[in-house]
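Reading the structure
Residues per chain are reported as follows:
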Amino acid sequence: MTVETVHLPGLLDGLDVIRDDFPILSRTLADGHPLVYLDSANTSQKPQVVIDAMVDHLERHNANVARAMHQLGAESTAGFEGGRDKVAAFLNAPSREEVIFTKNASEAINLVANTLAWARGPLQVGEGDEVLVTEMEHHSNIVPWQLLTERTGARLRWFGITDDGLLDLSDIDELINERTKVVSLTWVSNMLGTVNPVAEIARRAHEVGAVVLLDAAQAVPQMPVDVQASGADFVVFTGHKVTGPTGIGVLWGRREVLEQLPPFLGGGEMIATVSMERSTYAGIPHRFEAGTPPIVEAVGLGAAVDYLAAIGMHNVRAHEEAITRYALEGLATVSGLTVLGPQQAEQRGGAISFEIEGIHPHDVSQVLDSRGIAVRAGHHCAKPAHKRFGVQSSTRMSSYLYTTPGEIDALVDGLEYTKKYFRAG
Amino acid sequence: MTVETVHLPGLLDGLDVIRDDFPILSRTLADGHPLVYLDSANTSQKPQVVIDAMVDHLERHNANVARAMHQLGAESTAGFEGGRDKVAAFLNAPSREEVIFTKNASEAINLVANTLAWARGPLQVGEGDEVLVTEMEHHSNIVPWQLLTERTGARLRWFGITDDGLLDLSDIDELINERTKVVSLTWVSNMLGTVNPVAEIARRAHEVGAVVLLDAAQAVPQMPVDVQASGADFVVFTGHKVTGPTGIGVLWGRREVLEQLPPFLGGGEMIATVSMERSTYAGIPHRFEAGTPPIVEAVGLGAAVDYLAAIGMHNVRAHEEAITRYALEGLATVSGLTVLGPQQAEQRGGAISFEIEGIHPHDVSQVLDSRGIAVRAGHHCAKPAHKRFGVQSSTRMSSYLYTTPGEIDALVDGLEYTKKYFRAG
Amino acid sequence: MDLDALYQEIILDHYKNPHHAGLRDPFEAEVHHVNPTCGDEVTLRVHLSGAGADAVVEDVSYDAEGCSISQAAASVMTDLVIGRSLTDALAVHESFLTLMQGRGGVEPDEDVLEDAIAFAGVAKFPARVKCALLSWMAWKDATARIVAGETAVPTETEETR
Amino acid sequence: MDLDALYQEIILDHYKNPHHAGLRDPFEAEVHHVNPTCGDEVTLRVHLSGAGADAVVEDVSYDAEGCSISQAAASVMTDLVIGRSLTDALAVHESFLTLMQGRGGVEPDEDVLEDAIAFAGVAKFPARVKCALLSWMAWKDATARIVAGETAVPTETEETR
Ligand SMILES: Cc1ncc(COP(=O)(O)O)c(C=O)c1O
Ligand SMILES: Cc1ncc(COP(=O)(O)O)c(C=O)c1O
């Protein structure tokens, strides 16, 4: 995969050099096939600099944070809190204290859903209130709200999806109403690739006094994200999709809103003072970080966002768009293949889900895998969106900053081979 | 620190070789002082084999689990689920499915506390019910129960502590009664070092139909733990204290109990099927593991428990006891120093908290730190236990399998120097 | 990676022409199982006659959505259990389970498993084992419900573990 | 690591003989701050006279539990603010805060900070900065409450951020 024949406008400069940053990309799989990793929307690969930062932490600076006052403790705290600074800068957050570390994006969403149930005052979600999501959400942005609404007697509503894979905003005036307390939606769909008009929806939600959460799990990896410009009250993403490690996610929240929320999990680090009778809680961000936080993970995540920032998120976005355009063109040549979601690269992120007539996604991905091509088959944790399009599951290719046009060629070839293998089409 | 002059019965064979497994132990701190790490109850250091397992995963096998069906996905899943197998074996759990990965011990306790609030049926904790903890708990085993009882109208009660630092069981007949729904206590105190008679308390709790949770955050690192023999329904511990990474904790629960609990966090991986109207949930353990789990962390934790198992937990316990005995003897030579908690090594774990008359723990730890000796100063997330002994904070030294008698000597010397520095005693 | 070891002709044949497909009456239990990873589903009905040691699997009918492996497995399973005594059918189930969980190390017994020996290759693909087991687990579940005396109400969706 | 840079004579002197210690009347606000890491606490009262630009810090009294650094900081702080106009006292506070958060890179102005320049060394020990700031933050908080017109009810425990 090192010699690229195609050059596409927007492709990252020095793509070979970037690929060299990722040790796994030089792996050889069964039967000597080089790895063609097209499953980055599921999890991204990690550059050496992230791995090295974690190793350096574990080998030289490991200690608990905050509570440990010795030299290692100070170093470890600097590494951990440095990760917070880097994430805050990466998101253009007004304050580092608005950045809360969770275990993943899912926990971040649950944190908000749970604390809104226990909140007292205007933020509390209860009987008669409405929570608005969309039909294209990842399960992680559906189930927490189902649990919240079931448990509090609130009502869950949702935007539908148009045939083109866009949010159906035709009933927005009805859906966003004075009972709406929360609007939670994905910025970029992990299945359809759709990029949603989040700032406009946030503006409408704020008109009725609702709080807005953006699931940016697929947005932060792929495009410049400015939480202030987003208009949202909460933005969540997950470390492992932005070239960082698993075990860490981020909840950014506006200070005024975070400060009104009660604690989520109880434990060490989130308290001001504890007696057996009663406890008081720390301020943000620590109030929401019970127990020993993901220390080495924050170090890794800090290195990851620095790595992305150095490449430049505008450049990453341009690369994704170039690869996506090239992939959409390539997939269009495969007869019997239907892409789900918007057909224009400009309107979408780098995840492309598709069906091939007569061949089940499991079987497609199995044949591709036998050629070293890693894609995802299934419902991609978006069952309702699949149902909307009358399919049980789909095959999804997803690119990232290290994806080459040659890898897309390999995918297209692999799909033709798959069809032959199953004698379809 | 390489040449040991003292040999104590019970000390691990080949302690030098074991120390060589831990890269950080050869670190030099400010002014050329070698690191004397006596803060292992706060977090343990990591052996090379754990770091290497994580690096190998990140460099060669990284992918998301379960949902990814390609070769990397299969490898990553094998690594992750292999971690679960190893933990299950390490705890002598009857089934791997009873091992749930959380982000830390604190989350594990909160998981139980929250699901008991939402449970329907006999496990549900509500108005009039009682939850029983102890005064020697870590905040992570107090605050979740305060939140639970405040939110459900149940009552929080607790065992006190005797002057010797043992659990005061004199009112057990009153405290464990037919209203008691949950008994949650620490196996080994992180402040007093006390090892509690957990099996006996579990037996009493079960007589009244209560469920029993053991906070084994300090037990699992230090002694053989057999969850079946413990008599408990839930046992929790945290990865970073057993030579594993941060970002992972473990909840072991008895299948019959776990299966009665509703979901905790909602999201990917914890579902059976999702529609916008309603979802059904996966069986254990996945029901309690929402979102992308701590994958590389499970790989690291698996390597960690394998490492400990290879050394043998009986040997680790003997080593801890030998070092603790030696430390208690050494500390007894420091005039003005009072050890909090049991005075016999056999009765306790390897954390020793103490006061020095006239010198604040911050100041003690600061002077020690200037000599490369890392201890913890503060309330160690156990404010109520400190209050019980009329102190605001204490200094704590805590050993682990890599601790040498020479390091204890360095501590004792350092304490004498500290007293001189502040001209106390 | 030997794709042909996975996609044996027998499997592809059953996939293209599944036996005993469709939902039929009478039945004593109907279950609905899903593979939570990919969303594949099966609705499956079991009709037993007799009881205890005399119980016989009279019919197994199903409606399945899924990949070649899961579809073929349903078809092969019905061939193997329909008409058998329940005791024998459960033994076949056990034997198939052992094969599937053997990671490729178990030698299948053709006398017991017949066409199902074609699934030996699947056992080497951990991600696909669940596909092969989906309808087998559904059959076991439905059968257990009948034996436990439950009536023919469609059940909650169960995931196949 | 230069221990003596941290534990300057001035600090140890204030620690051993704290100025203005104890809780006194009158006061318009009393606050209770803790350092959540170590449990160190201070209860602190502020008595102001006048208002607006004419406000004067008449008294600051406190009851503090804590390490040498936090105790000495309380003592030094009272020396610096008592008797000052509120405007000046806030400027001193600002200046001390800047020194403490400078990680050792800020040159302290002795004319403004007097004995508090001894804390310059503390700024190099990130874990101890919170100790030095505990009572200063409590003073700021109590003062802000008076200015905001709150009455002398002891407040909720606040951690020092
Ligand atoms: C006894 C005890 N319980 C619980 C915990 C909490 O562990 P974690 O901070 O990893 O959640 C600790 C450690 O801090 C502990 O010592
Ligand atoms: C859009 C979207 N939201 C949420 C998530 C959940 O992220 P995590 O599994 O890390 O919690 C994902 C990824 O799986 C996603 O793609």
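Our subject in this report is the structure included herewith. (Residues numbered from 1 in each chain as written. Chains lettered and ligands numbered in written order. Predicted model: local features only at pLDDT ≥ 70, side-chain atom pairs only at ≥ 80, totals over all residues. Heavy atoms only, no water.)

**Focus: a negative patch on the surface**
Short version of the rule: For patch building, the residue pool is restricted to those with more than 30% relative accessible area and no salt bridge; the joining distance is 9 Å between like charges and 5 Å between nonpolar side chains (Val, Leu, Ile, Met, Phe, Trp, Tyr). All accessible-area figures derive from a Shrake-Rupley calculation using a 1.4 Å probe, and residue coverage is judged against the displayed protein chains alone. For this analysis, a salt bridge means a side-chain nitrogen from Lys or Arg found within 4 Å of a carboxyl oxygen belonging to Asp or Glu. Neither His nor the chain ends is counted toward charge; the positive residues are Lys and Arg and the negative residues Asp and Glu. Charge placement uses NZ in Lys and CZ in Arg. For Asp and Glu, CG and CD serve respectively. Strands are runs of DSSP state E lasting at least two residues, helices are runs of H or I lasting at least four, and both sets are numbered from the N terminus onward.
Together, Asp13, Asp79, Asp109, Glu110, Asp111 and Asp115 of chain C make up a negatively charged patch on the protein surface. Looking at the element boundaries, Glu110 of chain C is found in helix α5 (residues 110-113).

**Side note on the pattern of salt bridges**
Pairing between side chains of opposite charge can happen when the charged atoms of each approach one another. Here is the rule we go by: Any residue under 20% of the maximum accessible area for its type is buried, any over 50% is exposed, and the rest in between are partly exposed; the area is computed with a 1.4 Å probe on protein chains only.
Inspection of the entire model under this criterion finds 72 salt bridges over all chains. Residues Lys383 of chain B and Glu41 of chain D are paired through a salt bridge, measuring 3.9 Å at the closest nitrogen-oxygen approach. Placement of the pair is Lys383 of chain B in helix α13 (residues 383-388) and Glu41 of chain D in strand β2 (residues 41-49), with the two residues belonging to separate chains. Overall, the relative accessible area of 10% leaves Lys383 of chain B in the buried class.

**So, the sheet that holds strand β13 (residues 351-356) of chain A**
Residue and element names in this part refer to chain A. The test is simple: Between any two strands, at least two bridges found by DSSP are needed for them to pair. The angle between two axes is taken between their N-to-C directions and runs from 0 to 180 degrees, where each axis is a line fitted to C-alpha atoms and a helix contributes only its stretch in contact.
Strand order in the open sheet formed by 4 strands is β12-β13-β16-β15, with antiparallel pairing between adjacent strands. Of all the strands in the sheet, the pair left with one neighbour each is β12 (337-340) and β15 (376-378). Taking the axes of each pair of neighbouring strands and ignoring which way they run, one obtains an average angle of 30° across the sheet. Sheet topology places β15 next to strand β16 (residues 394-398); 3 bridges connect them, and they run antiparallel.

**Considering the relation of the copies chain A and chain B**
This is how the line gets drawn: Least squares is used to superpose the copies, and the fit set is the C-alpha atoms of residues whose pLDDT is at least 70 in both copies.
After a rotation of 180° and a shift along the axis of 0.0 Å, chain A superposes on chain B with an RMSD of 0.0 Å. The superposition operator between the copies reduces to a two-fold rotation axis. Of every C-alpha in chain A, the one belonging to Gly247 of chain A sits nearest the axis of rotation, 2.6 Å from it.

**What to know about the environment of Gly341 of chain A**
Residue and element names in this part refer to chain A. The line we're drawing: Contacts are assigned to residue pairs with any non-hydrogen atoms lying within 4.5 Å of each other.
Tracing the chain through its elements places Gly341 in the loop between β12 and β13. It is 6.7 Å that separates the C-alpha atoms of Gly341 and Thr194, two residues lying 147 residues apart in sequence. Ignoring anything within four residues of it in the chain, the contact list for Gly341 reads Asp164, Gly165, Leu192 and Arg348.

**Here's the deal with the side chain of His14 of chain D**
Residue and element names in this part refer to chain D. Cut-off, in case you're wondering: Any pair of nitrogen or oxygen atoms within 3.5 Å is treated as a polar contact; in protein, a donor-acceptor pairing is required on top of that, and neighbouring residues in sequence qualify only through side-chain atoms on both sides.
With respect to the element layout, His14 can be found in helix α2 (residues 9-16). Of the polar contacts made by the side chain of His14, one reaches the side chain of Ser75; its length is 2.6 Å. There is a polar contact of 2.8 Å between the side chain of His14 and the side chain of Asp115. What His14 contacts, discounting residues up to four positions off in sequence, is His19, Ala72, Ser75, Val76, Asp79 and Asp115.

**Things to note about the site of ligand 1**
To keep things clear, this is the line we draw: Throughout, near means a residue has at least one heavy atom within 4 Å of the molecule or strand. Only Asp, Glu, Lys and Arg are considered charged in this grouping, and only Ala, Val, Leu, Ile, Met, Phe, Trp, Tyr, Cys and Pro are considered nonpolar; every other residue, Gly among them, is considered polar.
The local shell around ligand 1 holds 16 residues, among which Thr292 of chain A together with Ser106, Asp215, Thr238 and Lys241 of chain B are the closest. A distance of 3.0 Å separates an oxygen atom of ligand 1 from a polar side-chain atom of His138 of chain B. Separating a nitrogen atom of ligand 1 from a side-chain N or O atom of Asp215 of chain B is a distance of 2.5 Å. A total of 390 Å² of accessible area belongs to ligand 1 in isolation, and the protein chains cover 99% of it. A per-class count over the shell around ligand 1 returns 2 nonpolar, 11 polar and 3 charged.

Function-wise, these values are silent; they only describe arrangement.
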